[in-house]
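Here is how the chains run, residue by residue.
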Amino acid sequence: MSLSDKIHHMAQIDFSLLFTNDKIDHEKIEYYFGKLGIGSLLIVPYKQEYLTASSYRSIMLAIQNVTQIYHRPPVLPGIDSVHGANYINGAILFPQPINIASTWEEGNARSMASFGARETLAAGIPWMFSPIVGLGMEPSWSRIYETFGEDPYLVGVFARAVVEGIQQRGVAACGKHFVGYSVPRNGHDRSPSWVPTRHLYQYFVRPWRQVIDYGNVFAVMESYTEYDGVPNVAYRNSLVKLLRQDLGFEGVVITDYQEIENLIGFHKVALDYDEAVKMTLLEGSVDMSMIPFNVEGWSNSMNHNWNDASIQNVVTKRMDDSVRRILQLKNKLGMFHTDLKDDEEEKDEIGKVGSKGRRAVALDIARESIILTKNEGGTLPLHNSNRKKSKVHVTGPTCDSLSYQSGGWTIEWQGATSDNFFQYGQTVLDAALGQSQWDVTSSCGVDILGDVCDGQENQENVSQQRLGADYIVVCIGEENYTEKPGDIRDLHLPQGQRDFVKQLKNESNAKIIVVYFGGRPRLLGDVVDNADSILMAFLPGPDAGQAVVEIITGDQNPSGRLPITYPKYQDGGGIPYWHTVSDQCTESNNPHEPMPHWIYTPYEVQWPFGYGLSYTSFQYTNLQVDAKTLSYSLPWSHDGKNSRNSIKVSIDVQNTGSRQSFETIMFFLFVENRHVTPEYKQLLGYKRRKIDPGQTITQEFEVTTNMLRHVGPHDDTHDILQMGQKFRVGVGATTDCRRMEANGSCTEMLTLEFHDKSQDIYDPSCEAACVLLETNGCLTIHKLSANDCYSMCRSSHSPTDTVSLGWGWNYVNCIETILLDKTRSNDSKCYNVDNMCRNVFASTATSSDHEEDTSIMDESKTRPEDTKYTKSSAETVLMAILAGFVGALIIIYPFYRNAKGKSSNKTKGRDHIAFSPISRNEMNMELEII
C-alpha cells in the first residue's frame, strides 16, 4: 500500500457525502472509494430518508463494484444498530438496552443482538456500533437508556451477550465508549467524567473484561470525553496502557464522531489539525478515524506528520499496525472471500427483515421488561365485573405515541419525528380500544412538556368521562433525545405532568394507573402518592401498547426488575446502590425539626436496584452455607486441592401466590471490613427462575475467592485479596444485611483466610509479579518455580517498611510495562525486565529501597551457573559499551536514511504493507503473512 492508501484506509466518512441533490451520486462513490481508497463508511439516516434493507444493499453493491474495479480492499460500512436494526426501514425495533437489562435474562440480549445483526447484514452492513459497556450511574445523563444499568457485573453479562449475538451472525460488534464516558460530572453529555484510577479499575473496567476476554469483541469505540483531564482519543493511559496492555485488546479502535478534530475546537488541547492528528498517533492507539467530513484535512495532516523526520518511524509503525488491524477485521468478516450478491438467497434474507416471528420475539421481551413498582391494594390486574364492562379512561402525553414508546436512535438519531415512519406498532390507546371488556374513552390531557393540550376536546365531556371511569390509565414520560441534545438541568418530571396526575386523583374516584415511558428515571414527586399502580415501562418499542395493556389486564404477569436505582431526590443520594458504606445521610426523628440533624441513615431512594413486583408472592427460607471460611491458596500451589476455595450458598424460594411467575433470585455481597472502604452491597450473581403456584425451588450459588478481589490501598490498578476479611451474603433485591431485620435472608459472618502450607503470608504484589514472570517464561530462564519466586519476593521485604511488601507494586508496574507490551519481541522481554526494572534474582538483595541488606538469597536458586544473564563485572562493562554503540547507531540511522532519500519519493521505501493497487489474490497472500 502506498502512504496515501494507508491514510485513506484509516478513514471513515459520513454517508451524507455520497449524496448530491438528495440522491446517491455514483461519481462521489467512485471518488471516495475508488480514487482515494476510503476504508469505511458511517451509515446514518440522510435527512429523513428512511431507507430499506434493499436500498442500502444496492448502495453497498455499487461501492463494492468500484473497489473491485480499482483493486481496492473492501469498504467496511458501520451503523448504530442499538436496539435492533433501528435505522433500516421495515426492520424490527426491539426494546432499548435499559429494557433488555430490566428482564434480567441475558438470553434476551443475545436474541435482540442476533436478529439485529441479521437485519443489518441483510442491508449489506457487517459492522454494528453496539453494545454500550458503560455504567448507567448518572440519572440525568441522556444516554442512560442505552446502558444495561448501573452494576458492573450486570452490565458485563449483558454486554457480552450482545457481542456474542452479533458476532455469531458474521457481523462485527463494537463496544463503546472506552472508558468512563457514562458518568459526566454534571450529568450533561460529553462533559468530563471525574473518575479516580482506583474506581476506574474497580468498577468501570470490569464489564470491559467481559466483552474483551470472554466476548472477544472485534472493535472498540473510544469516547467523546475524558475521565481525568486528558481526552480519551489521545490518552496513552487509556488507549495504550489500559486497553492494549492491561486488557490485551488486539482489535480495531475507532474514534467517536469527529473526535480527533474535536481536540481543536471542543477540548482545546490542540492548536490545529496537524497537532490533533499527531497527539492521536503518538499518545493513543486509534486505528480508524470517524472523520466524518474533512477528508482533505485528515489526509494533509497525516502526510504532514509522516513527513516529520523526528517522528516518521513511530508514525509509520502506527499506520502499519492500524491498517493491518483493519484488514484483519475485514478478513474475519469474510469480506475478501465473499462478495455481496443480488441473487435469490440474498433476496430471501431481505424478505425476512421485519418478519412476524421476529416481531413476536421483540414483543415477548417488551412484556418481560416492564416493571410493576407500585400496586396499592391489588389494583392490578384489572378485574372486570361479570355484569358490565369496566370504564377505562386513557390519557396523558405518551398514551398515543409510537415514537415516545421507542425513544432516540429510532428511525432517526434523535428519534422518530412522526408515527408515520413506523411500519407497525400499537400505542396504549390502540391496545386499550381493542379490549372487548373495556368501555374506553380518551383525552390528551397535557402534552409532553406538561402544558394543556392544544385543541383539547370539550372539557365538560372529558370531565364527565373521567368522573365516570372505574380506572384512569395516565401515560406520562419524556420526549425523545440522545447525546448532547438530550441534556437537562432538572431531573424532575415536568410540573404540568405531575399536576395532571394530582388533578385526576382529586377529581375522580377512579383507580389511577400510571405508565411511565422515558429513557431516564425522572423524579416523580407526588405522582407516586397519587397513583394506585405504577408501571415503569422505559422504552419498550412500537408494540409497547400491547405489552402494557396485557399486564394491566393480567394476561401477562409482570416480571421486570430495575437494573438501576430509581432516585427520589435531586441530590442523587443512594446512586449507585454500590456506593460506599460511608456515603450516608442524616435525619431527625421529627421531619419538621430544623437542622442540625444527628441521626445517620442510608439514603432514601424511590425504588432500589433490582426492585419489581409481581401478581404473585414469594417467600425466601432455609438459607444455608456449607462452610464459614473461604480459603485461598496461591495459583500454583498444590494446597489449593485441599483448601476451601468456594462456599456454597443455598436458599429455598416458594411461590406463595396463585399464579405462575418468574422470580429473579439475586445474591449480594456485604463486606464487613476492608482496607479500601467497602461498598454498601454488591451484586455477586443472579438466577431467573419460573416457579409454579405452591412450588418451592432450591437455588444454589457458589461464592469464590475471586469474587472478593478488589483494588487495594497500596496500588490503584491491581486486584488483591485481603486475608481476614469478614463478609456476609444476602439473598433478594431488597435484602440489607447491615440492618437487623434482614437476618432471614443473610448468612452469618463468613471469613476469608490464606491457606498455603509452603507460604506464611499472602502478599498480593509478590503474587502479581510471580504470575507475570511465570506466564511470560522469565522464571524458566532463571530455572525458578513460581513458588521460589514468591519466597524470594517475600524474603526481600524490609521489617521497617510497612507499606511496600516484597518487591513492591512499582516493580510490578515496571515489569507489566515490558511484558504486556506487544511491540517488544518476546525474546528480549525477560532480559529487559532484569535490566530496565530490577534484577531481583541477583545473588544479593541490595535494593536501594531498603536502608540495609535484609537477606542473602540461596545462590543455587538465584545464580545458576548456566543462566545467560549472570555475568562478571568485566563482561557487564563490555556489554554496556556494546549497548551504547548499538543505541547510537539506532539513533543516527534514521537521519542517515532521511538525508539519503530526500530526492526520492517519500511515499515509498518505508511502507511495510507493500501493495498499491491491490488484487484479491495479493490481499489473501498479505493476510497469510500477517
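Keep in mind it's a predicted model, so treat the numbers as computed, not measured.

J.: Is there a simple way to think about the overall build of the protein in this case?
T.: In terms of regular secondary structure, the protein is built from 28 helices and 28 strands. Out of the 930 residues in the protein, the part that is buried amounts to 58%. Put simply, 78% of the contacts in the protein that link residues at least 6 apart link residues at least 24 apart.

J.: Where do I start with the packing of helix 6 (residues 152-167) against helix 7 (residues 197-214) in this structure?
T.: Look at helix 6 against helix 7: their axes get within 8 Å of each other, and the N-to-C directions meet at 25°. Comparing the axis directions of helix 6 and helix 7 gives the class roughly parallel. In this structure, helix 6 crosses over helix 7, and the sense of that crossing is right-handed. Only Tyr203, Arg206, Pro207, Gln210, Val211 and Tyr214 of helix 7 make contact with helix 6, whose side of the interface consists of Pro152, Val155, Gly156, Ala159, Arg160, Val163 and Glu164. Here the contact of helix 6 with helix 7 is built from residues that sort into eight nonpolar, two polar and three charged.

J.: Quick question: what am I supposed to make of the pattern of salt bridges here?
T.: Side chains carrying opposite charge are able to pair once their charged atoms draw close together. Going through the model one piece at a time under the given rule, you end up with 41 salt bridges. Of the charged contacts in the structure, one is a salt bridge between Arg143 and Glu146, with a shortest N-O distance of 2.8 Å. Taking relative accessible area as the criterion, Arg143 reaches 1% and is therefore assigned buried. Judged by its relative accessible area of 1%, Glu146 is buried.

J.: Help me understand the sheet that holds strand 11 (residues 371-375), please; the structure alone is not making it clear to me.
T.: Taken together, the six strands give an open sheet; going across it, the order is 11-16-15-14-12-13, and neighbouring strands pair in mixed fashion. This sheet does not close on itself; its edge strands, each paired only once, are strand 11 and strand 13 (438-442). Averaged over all adjacent pairs, the angle separating strand axes in this sheet is 20°, with direction ignored. Across five bridges, strand 12 (residues 390-395) lies against strand 13 in parallel orientation. Within the sheet, the bridge partner assigned to Ser390 lies in strand 13 and is Trp438. Against the sheet, helix 18 (residues 495-507) contacts strand 12, strand 14 (471-477) and strand 15 (511-517), and its axis sits at roughly 175° relative to strand 14.

J.: What am I meant to see in the layout of surface pockets here?
T.: To find the voids left in a structure, one rolls a probe of water-molecule size over its atoms. Here the largest pocket is characterised by a volume of approximately 1,400 Å³. Arg206, Arg209, Asp213, Arg709 and Asp719 are the residues nearest the centre of the largest pocket, which is lined by 35 residues in total. For the lining of the largest pocket, the secondary-structure elements that each account for two or more residues are helix 6, helix 7, strand 23 (682-691), helix 21 (764-775) and helix 24 (809-819). In terms of residue count, helix 7 provides more of the lining of the largest pocket than any other element does, eight residues in total. Taken together, 34 residues make up the lining of the second largest pocket; nearest its centre are Lys317, Asp321, Arg325, Lys822 and Thr823. Residue classes in the lining of the second largest pocket are distributed as 11 nonpolar, 10 polar and 13 charged.

J.: Where do I start with the packing of aromatic side chains in this structure?
T.: Here the distance between the centres and the angle between the planes together describe a pair of aromatic rings. If you walk through the whole model with that rule in mind, you get 28 aromatic pairs. Among the aromatic residues, those joined into a cluster by ring pairs are Trp104, Tyr153, Tyr577, Phe609, Phe668 and Tyr686. A cation over a ring is seen here: Arg185 above Trp194, with NZ or CZ 4.4 Å from the ring centre. One residue, Arg520, lies across the ring of Tyr481, its end atom 4.1 Å from the ring centre.

J.: Looking at this structure, I do not really get the state of the cysteines. What am I missing?
T.: Here is the idea: a disulfide is a covalent bond, and it sits between the sulfur atoms of two cysteines. According to the stated counting rule, one finds six disulfides in the structure shown. One disulfide bridge connects Cys444 with Cys453, the sulfur atoms lying 1.7 Å from each other. Measuring the twist about the S-S bond at about -60°, one finds the Cys444-Cys453 disulfide to be left-handed. Residue Cys770 pairs covalently with Cys789 via a disulfide, S to S 2.1 Å. Here the S-S torsion is close to -90°, and the disulfide linking Cys770 with Cys789 is therefore left-handed. With Cys770 in helix 21 and Cys789 in helix 23 (residues 786-795), this pair connects stretches of sequence that are 19 residues apart.

J.: What should I look at first to understand the pairing of strand 14 in this one?
T.: Taken residue by residue, a regular strand's side chains alternate between the two faces of the sheet. In terms of burial, strand 14 is largely enclosed, as seven of its seven residues are buried. Pairing between strand 12 and strand 14: four bridges, direction parallel. Looking across to strand 14, one finds that Val394 is bridged to Val473. The pairing of strand 14 with strand 15 spans seven bridges and is classified as parallel. Across the sheet, Ile476 pairs through a bridge with Tyr516, a residue of strand 15. Taking the sense of rotation as the criterion, the β-α-β connection linking strand 14, helix 18 and strand 15 turns out right-handed.

J.: Help me understand the nonpolar core, please; the structure alone is not making it clear to me.
T.: When a protein is soluble and globular, its nonpolar side chains tend to lie buried together. Among the nonpolar cores identified, the biggest contains 178 residues, and Phe15, Phe33, Leu41, Trp298, Leu524 and Met536 are the most heavily contacted of them. Ranked by residues supplied to this core, first place goes to helix 6 with nine residues. Beyond its immediate chain neighbours, meaning those up to four positions away, Leu41 contacts Gln12, Ile13, Asp14, Phe15, Leu18, Phe33, Met60, Ile63, Val75, Leu76, Pro77 and Gly78. In this structure, Leu684, Val703, Tyr762 and Tyr811 belong to the second largest nonpolar core, which totals 57 residues.

J.: Looking at this structure, I do not really get the side chain of Gln167. What am I missing?
T.: When you line up the elements, Gln167 lands in helix 6. In this structure Gln167 comes out as buried when scored by relative accessible area, which is 15%. Non-local contacts of Gln167, meaning those with residues more than four positions away in its chain, are made with Ala172, Ala173, Gly215, Asn216, Val217 and Phe218.

J.: How should the confidence of the model for the protein be read in this particular structure?
T.: Residues with a pLDDT of 70 or more make up 88% of the protein, whose mean pLDDT is 90. Contacts from residues 844-877, a stretch scored under 50 in pLDDT, to residues over four places away or in other chains number 48 contacts. Here residues 890-930 is a poorly scored stretch, pLDDT under 50, and it has 60 contacts once near neighbours within four places are set aside; other chains count.

J.: Which parts of the structure should I look at to understand the sheet that holds strand 19 (residues 618-625)?
T.: Where strands meet in a sheet, backbone hydrogen bonds hold them as pairs that are either parallel or antiparallel. With antiparallel pairing, the three strands of this open sheet are ordered in space as 19-21-24. The open sheet has two edge strands with one neighbour each: strand 19 and strand 24 (696-704). For this sheet, the mean angle separating the axes of adjacent strands, direction not counted, is 20°. Two elements, strand 19 and strand 21 (residues 646-655), share six bridges in a ladder whose sense is antiparallel. Pairing of Tyr620 across the sheet is with Val653, part of strand 21.

J.: Got a minute to help me understand unusual backbone geometry in this structure?
T.: Peptide bonds are mostly trans, and most non-glycine residues show a negative phi. Here Leu380 and Pro381 are connected by a cis peptide whose omega angle stands at 0°. When you line up the elements, Pro381 lands in the loop between strand 11 and strand 12. Backbone torsion omega between Met595 and Pro596 reads 10°, so that peptide bond is classified as cis. In the Ramachandran plot, Phe538 falls in the positive-phi region, its phi being about 55° despite a non-glycine side chain. In this structure, Phe538 sits in strand 16 (residues 533-538). Note on Phe538: relative accessible area 1%, which makes it buried.

J.: Explain empty space enclosed by the protein to me, please; I cannot follow it from the model alone.
T.: Scanning the model with the defined rule gives 10 cavities of 30 Å³ or more in all. Here the largest cavity defines a volume of roughly 80 Å³. Lining of the largest cavity is provided by 14 residues; of these, Val133, Gly134, His177, Gly180 and Ser182 occupy positions nearest its centre. Elements with a contribution of two residues or more to the lining of the largest cavity: strand 7 (172-178) and helix 7. Per-element tally for the lining of the largest cavity: the top contributor is helix 7, with three residues. Its residues assigned to classes, the lining of the largest cavity shows nine nonpolar, four polar and one charged. Here the second largest cavity defines a volume of roughly 60 Å³. Around the second largest cavity, the lining residues are Val82, Pro97, Met112, Phe129, Ser130, Pro131, Ile132, Glu146, Phe148, Val162 and Lys176. Here the residues of the lining of the second largest cavity sort into eight nonpolar, one polar and two charged.

Criteria and cut-off values
- Residues numbered from 1 in each chain as written.
- Predicted model: local features only at pLDDT ≥ 70, side-chain atom pairs only at ≥ 80, totals over all residues.
- Heavy atoms only, no water.
- Helix = DSSP H or I, 4+ residues; strand = E, 2+ residues; numbered from the N terminus.
- Buried < 20%, exposed > 50% of the residue type's maximum accessible area, 1.4 Å probe, protein only.
- Contact = heavy atoms within 4.5 Å.
- Axes fitted to C-alpha atoms, helices over the stretch in contact; angles between N-to-C directions.
- Parallel < 35°, antiparallel > 145°, perpendicular 65-115°, else oblique.
- Left-handed = near helix turned anticlockwise from the far one by under 90°.
- Nonpolar A, V, L, I, M, F, W, Y, C, P; charged D, E, K, R; others polar.
- Salt bridge = Lys/Arg side-chain N within 4 Å of Asp/Glu carboxyl O.
- Pairing = 2+ DSSP bridges.
- 1 Å grid on protein atoms, 1.4 Å probe; cavity = no way out; pocket = protein on both sides within 12 Å on 5 of 7 lines; lining within 4 Å.
- Points joined across faces, edges and corners; volume = space filled by probe spheres on them.
- Phe/Tyr/Trp six-rings, centres within 6.5 Å; stacked < 30°, edge-to-face > 60°.
- Lys NZ or Arg CZ within 6 Å of the ring centre and 35° of its normal.
- Disulfide = S-S within 2.5 Å.
- Right-handed = clockwise from strand over helix to strand, strands pointing away.
- Core = buried A, V, L, I, M, F, W, Y, C linked by side-chain atoms within 4.5 Å.
- pLDDT = per-residue confidence, 0-100.

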